[in-house]
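Each chain, letter by letter, is given below.
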Amino acid sequence: MNMMHRPQPAPKAPERFFIGGRWLDPISRQTLKVVSPVTEELLITYPEAGPADIDRAVAAARDAFDRGPWPRLPPAERAAGLRRVADLLERRLDEIANAWTVQVGAPISLTRKLVGQNPTLFRYYADLIETWPFVDERKRDDGGRVRVVKEPVGVCAAITPWNAPLVLLSYKVAAGLAAGCTIVAKPSPETPLEAYILAECIEEAGLPAGVFNIVPAGREGGDYLVRHKGIDKVAFTGSTAAGKHIAAVCADRLARVSLELGGKSAAVLLDDADFAAALPSLMVYTMPITGQVCFSLTRILVPERREKEFLDLYLGAVSGIKVGDPLDPATQMGPLTMARQRDRVEGYIRAGRAEGARIACGGGRPRGLDRGYFVEPTVFTDVTPHMKIVQEEIFGPVVSVLTYRDEDEAAEKANNSTYGLSGAVYTADPERGYRMARRMRTGSVTINGMIVDPKHPFGGFKQSGIGREGGPEGLENYVETKTIHYA
Ligand code: NAD
């Protein structure tokens, strides 16, 4: 691999914050850094928003909500604005894919495929609000008229992680703006570039000043934003630890909150499954973006009597994964995104060994890749359900293969988790797959594959979150119900 990885053109460091429809110079003097996961070199240094910048952004969003036209526009007019944003994003998809790959280390072949979800989300919510029942006409028992109306929840903070920076922001911004909310976005400090592209598109689309604002910051800035009395709702994607903290802070003033958190999802291969047919989707979804995706299928459950057959197939494929420069279109797996991510993943690999699990493949750093946060795709066998590597979210390319004797045990093992985000069932009989899917305590399950589709709800049971993003349910995150009686 060419270790002279130099993203071309080099990303331009953002210099200002988009607040109240203008590009404002920072008040804070603090800066943030983006480091290349491939070369470990500093890519950009850019300003971090401090409390005074965040105050300005919240004030602008507040003003746009309380006095601006956006929340009160007919839905069709908001829809037209969202479609303009979608068209502008569409023109910049190469740039968005490149920014994702360069900051995160996600293979360019994958990011190019996925970036279309961003304009899709804006168009989907534009279409939805043209027919969605914002006003529902009802009757009381006494014959009186009632209108149950859905109103935007207010000024929303959108706080997003680094692994899929724009898609996770688009879910929130497209649905929130469609509902009539205004937004203060705090992107992850490691991956600011796409939020800036979105801000430029929103500006060029001519959306009213203050409906969308960005304040890049780290954890402290996020905490300041969440505590801000001007924020009516927090939409958060990130770790379960941070999600619990945010929920507790919001509880104090009963600010609305939706949380998309971590996962430890199971792929259940039933005894009639065609393993060869299951392999392509398992190869993509057990370790997508080097395993740094919340819905990764990191626990594979196979029938005891077919374990060897499965391992022969799966381990052969995993050891053949092409790890390398994510800008190379032939690469299937890039590095982890940050040094701290690699430390974390290597810590879990050590913990797995110490607890007595067997490394069936991987476990180290790939040969010939001495720079960059690379680790080998790793599969553990001989694991027991209580082990740390089975219970905790590793957020890296580390998968555990567990066995089961019958379907009851498969369901029990699949549900033996504090998380409940996603899952998959592989079987020759889709109705049998459906029955197993109904037993799994998770927010989504795919039968014979893995599908996450922004037009359908996604989110978690248990400690994987509260609320759903995507689909009509994603719009409901951003509305309050008001009942108007005619006496
Ligand atoms: P993180 O929780 O550390 O950070 C996420 C975002 O929250 C960042 O912008 C960060 O600056 C901010 N933040 C952190 N602590 C905060 C606090 N106390 N108050 C306010 N803001 C705070 O998570 P991460 O390491 O960036 O991302 C990885 C995690 O995200 C994984 O656990 C993964 O499963 C989860 N994730 C979930 C989904 C989903 O849809 N369920 C999608 C992607 C990632």
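About the thresholds
- Residues numbered from 1 in each chain as written.
- Predicted model: local features only at pLDDT ≥ 70, side-chain atom pairs only at ≥ 80, totals over all residues.
- Heavy atoms only, no water.
- 1 Å grid on protein atoms, 1.4 Å probe; cavity = no way out; pocket = protein on both sides within 12 Å on 5 of 7 lines; lining within 4 Å.
- Points joined across faces, edges and corners; volume = space filled by probe spheres on them.
- Nonpolar A, V, L, I, M, F, W, Y, C, P; charged D, E, K, R; others polar.
- Helix = DSSP H or I, 4+ residues; strand = E, 2+ residues; numbered from the N terminus.
- Buried < 20%, exposed > 50% of the residue type's maximum accessible area, 1.4 Å probe, protein only.
- Pairing = 2+ DSSP bridges.
- Near = heavy atom within 4 Å.
- Polar contact = N/O pair within 3.5 Å; in protein donor to acceptor, adjacent residues only side chain to side chain.
- Areas by Shrake-Rupley, 256 points an atom, 1.4 Å probe, with all protein chains shown as cover.
- Domains from an automatic or database assignment.
- Contact = heavy atoms within 4.5 Å.
- Buried area = accessible area lost by both parts, 1.4 Å probe.
- Salt bridge = Lys/Arg side-chain N within 4 Å of Asp/Glu carboxyl O.
- Expected span 1.5 Å × (residues − 1).
- Core = buried A, V, L, I, M, F, W, Y, C linked by side-chain atoms within 4.5 Å.

Some remarks on empty space enclosed by the protein
In step 1: A full pass over the atoms with the stated rule returns 5 cavities of 30 Å³ or more.
In step 2: Approximately 70 Å³ is the volume found for the largest cavity.
In step 3: Taken together, 15 residues line the largest cavity, and the ones lying closest to its centre are Lys264, Arg299, Ala414, Ser422 and Thr442.
In step 4: Considering only residue class, the lining of the largest cavity consists of 5 nonpolar, 6 polar and 4 charged.
In step 5: Approximately 50 Å³ is the volume attributed to the second largest cavity.
In step 6: If you trace the second largest cavity, you find it lined by Gly263, Lys264, Gly291, Val293, Cys294, Ser296, Thr298, Glu393, Ile394, Phe395 and Gly396.
In step 7: Residue composition of the lining of the second largest cavity, by class: 4 nonpolar, 5 polar and 2 charged.

Describing unusual backbone geometry
In step 1: Its identity as a non-glycine residue notwithstanding, glutamate 40 has a phi of 65°, on the positive side.
In step 2: Here glutamate 40 lies in the loop between strand S3 (31–35) and strand S4 (42–47).
In step 3: A relative accessible area of 30% places glutamate 40 in the partly exposed class.
In step 4: Positive phi, close to 45°, is recorded for lysine 462, a residue that is not glycine.
In step 5: You can see lysine 462 is positioned in strand S20 (residues 461–462).

Regarding the sheet that holds strand S7 (residues 155–159)
In step 1: Spatial ordering of the open sheet is given by S9-S8-S7-S10-S11-S21, a layout of 6 strands whose pairing is mixed. This sheet does not close on itself; its edge strands, each paired only once, are strand S9 (212–214) and strand S21 (465–466).
In step 2: As judged from the 2 bridges shared by strand S11 (residues 256–260) and S21, these two strands associate in the antiparallel manner. Bridging from a neighbouring strand, leucine 259 pairs with isoleucine 466 of S21.

Comments concerning the site of the ligand
In step 1: Close to the ligand lie 28 residues, the nearest being Thr160, Trp162, Ser239, Leu261 and Glu393.
In step 2: A distance of 2.6 Å is found between a nitrogen atom of the ligand and a backbone nitrogen or oxygen belonging to leucine 261.
In step 3: For the ligand, the protein covers 93% of the area, taking 840 Å² as the surface of the free molecule.
In step 4: For the shell around the ligand, the secondary-structure elements that each account for two or more residues are helix H8 (219–227), strand S10 (233–237) and helix H9 (240–253).
In step 5: Of the residues that constitute the shell around the ligand, the class distribution is 13 nonpolar, 10 polar and 5 charged.

Quick word on the pairing of strand S13 (residues 299–303)
In step 1: Of all 5 residues making up S13, 5 are buried, and the element is well covered by its neighbours.
In step 2: Burial along S13 is two-sided: Arg299, Leu301 and Pro303 facing one way and Ile300 and Val302 facing the other are all buried.
In step 3: In terms of strand pairing, strand S12 (residues 266–269) meets S13 through 3 bridges, oriented parallel. When the bridges of S13 are listed, valine 268 appears paired with leucine 301.

Side note on the domain arrangement of the protein
How big an interface is tends to be reported as the loss of accessible area on association of its parts.
In step 1: Each domain of the protein was delimited in the assignment, giving domain 1 (17–261 + 465–485) and domain 2 (266–453).
In step 2: Averaged C-alpha coordinates put domain 1 and domain 2 at centres separated by 31 Å.
In step 3: Between domain 1 and domain 2, the contact holds 26 residues from the first and 27 residues from the second.
In step 4: Across the domain 1/domain 2 interface, buried area totals approximately 2,200 Å², and carbon plus sulfur atoms make up 58% of it.
In step 5: Linking domain 1 with domain 2 are 1 salt bridge.
In step 6: The salt bridge partner of arginine 340 is glutamate 190, with a shortest N-O separation of 3.0 Å.
In step 7: Summed over the shared surface of domain 1 and domain 2, the number is 8 residue pairs in polar contact (both at pLDDT 80 or more).
In step 8: Looking at the side of domain 1 that touches domain 2, the elements that each hand over two or more residues are helix H3 (93–104) and helix H4 (108–114).
In step 9: If you tally residues by element for the side of domain 1 that touches domain 2, the top one is H3, at 6 residues.

Concerning the environment of tyrosine 125
In step 1: Relative to the elements of secondary structure, tyrosine 125 occurs in helix H5 (residues 117–131).
In step 2: Given a relative accessible area of 0%, tyrosine 125 falls into the buried group.
In step 3: The spacing of tyrosine 125 and glycine 465 is 340 residues in sequence and 22 Å in space, taken between C-alpha atoms.
In step 4: Among all residues touching tyrosine 125, those that are not within four sequence positions of it are Leu82, Ala174, Ala175, Ala178, Gly470, Gly471, Gly474 and Leu475.

Regarding helix H1 (residues 51–66)
In step 1: With 16 residues, H1 should reach 22 Å at 1.5 Å per residue; the first-to-last C-alpha distance of 22 Å fits that figure.
In step 2: Listing the buried residues of H1 in full gives Asp53, Ile54, Ala57, Val58, Ala60, Ala61, Arg62, Ala64 and Phe65.
In step 3: Buried positions along H1 lie against strand S1 (17–19), strand S6 (145–152), S7, strand S8 (182–186), S9 and H8.

Topic: the nonpolar core
In step 1: Grouped together as the largest cluster of nonpolar side chains are 120 residues, with contacts concentrated most on Leu198, Phe212, Phe310 and Tyr314.
In step 2: Looking at this core element by element, the count peaks at 11 residues for helix H6 (residues 165–179).
In step 3: Built from parts of two domains, this core gets at least three residues from each of domain 1 (17–261 + 465–485) and domain 2 (266–453).
In step 4: Those residues in contact with phenylalanine 212 that sit more than four places away from it in its chain are Phe18, Val173, Ile183, Ala185, Ala195, Leu198, Ala199 and Ile202.

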